[in-house]
Amino acid sequence: MNLDGLILREAKTADYPSLVALEQKVIDAERPYNESLKEKDAYYYDIEKLISDPDSRLVVGEVSGDIVATGYVQVRPSKPALGHDNHGYLGFMYVAEQYRGLGLNKVILQDLVSWGQQRQVTDFYLDVYVENNSAVRAYEKFGFRGSLLEMKLKLES
Ligand SMILES: CC(C)(COP(=O)(O)OP(=O)(O)OC[C@H]1O[C@@H](n2cnc3c(N)ncnc32)[C@H](O)[C@@H]1OP(=O)(O)O)[C@@H](O)C(=O)NCCC(=O)NCCS
């Protein structure tokens, strides 16, 4: 498998059904790391807004008409204590299994970070489960470093 024929483009409204299906793949990939995820009707993203909002860029990687990768960046206001007014928040990072490890997520990250840079964004954040080794590895190779650690206490219900 290689990335020959890969087209990287902004997502459009017609992609919506494919994107809704891929959102479930991201959620399923994360189930082993979070037992609190709903078994059904779990959703992460406002896909329509990510497509239409000028403050976000949702891109898809397409091969032979099939979407094989996704990712978005959204310009969000930052906390007042921080030296940057806005930051880029990244999410919906997904690469179809047969295309993993080929640098496709890196291509997506490069596109999204460049788009943010053109809008004077210098700081980029994302959330990832600490046990999601392949994702952590991919982000670290791109230059991301662990920052805030979310801690969780789960009581018996
Ligand atoms: C996380 C994910 C998007 C990474 O996509 P990818 O296209 O395979 O990542 P890349 O090939 O761009 O990886 C970049 C680097 O990380 C490395 N890497 C990726 N997966 C790896 C793995 N399983 N083991 C070791 N290294 C890995 C790659 O070798 C690459 O390094 P290189 O450039 O030196 O070769 C993909 O694994 C995925 O879709 N996972 C399921 C959904 C998910 O968990 N999303 C993340 C939510 S936060």
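Please read these numbers as outputs of a predicted model, since none were measured by experiment. (Residues numbered from 1 in each chain as written. Predicted model: local features only at pLDDT ≥ 70, side-chain atom pairs only at ≥ 80, totals over all residues.)

Peer 1: What is the right way to look at the pairing of strand β4 (residues 86-95) in this model?
Peer 2: On any regular strand, side chains alternate: one points to one face of the sheet, the next to the other face. With respect to burial, β4 is a largely interior element, eight of its ten residues being buried. Bridging between strand β3 (residues 66-77) and β4 involves eight bridges; their strand directions are antiparallel. Across the sheet, the residue bridging to Gln74 is Tyr89, located in β4. Two elements, β4 and strand β5 (residues 124-125), share two bridges in a ladder whose sense is parallel. When the sheet's bridge partners are listed, Tyr89 is paired in β5 with Tyr125. (Buried ≥ 20, exposed ≤ 12 C-beta atoms within 10 Å, placed from the backbone. Helix = DSSP H or I, 4+ residues; strand = E, 2+ residues; numbered from the N terminus. Pairing = 2+ DSSP bridges.)

Peer 1: Could you clarify how one ought to interpret the sheet that holds β3 in this entry?
Peer 2: Strand-to-strand pairing in sheets goes through backbone hydrogen bonds, with the strands running parallel or antiparallel. Spatial ordering of the open sheet is given by β1-β2-β3-β4-β5, a layout of five strands whose pairing is mixed. This sheet does not close on itself; its edge strands, each paired only once, are β1 (7-10) and β5. One ladder, built from eight bridges, connects strand β2 (residues 56-63) with β3; its direction is antiparallel. Along β3, the bridge assignment pairs Leu58 with Tyr72. Running over the sheet, helix α3 (residues 104-118) touches β1, β2, β3, β4 and β5 and is turned about 30 degrees from β3. (Contact = placed C-beta atoms within 7 Å. Axes fitted to C-alpha atoms, helices over the stretch in contact; angles between N-to-C directions.)

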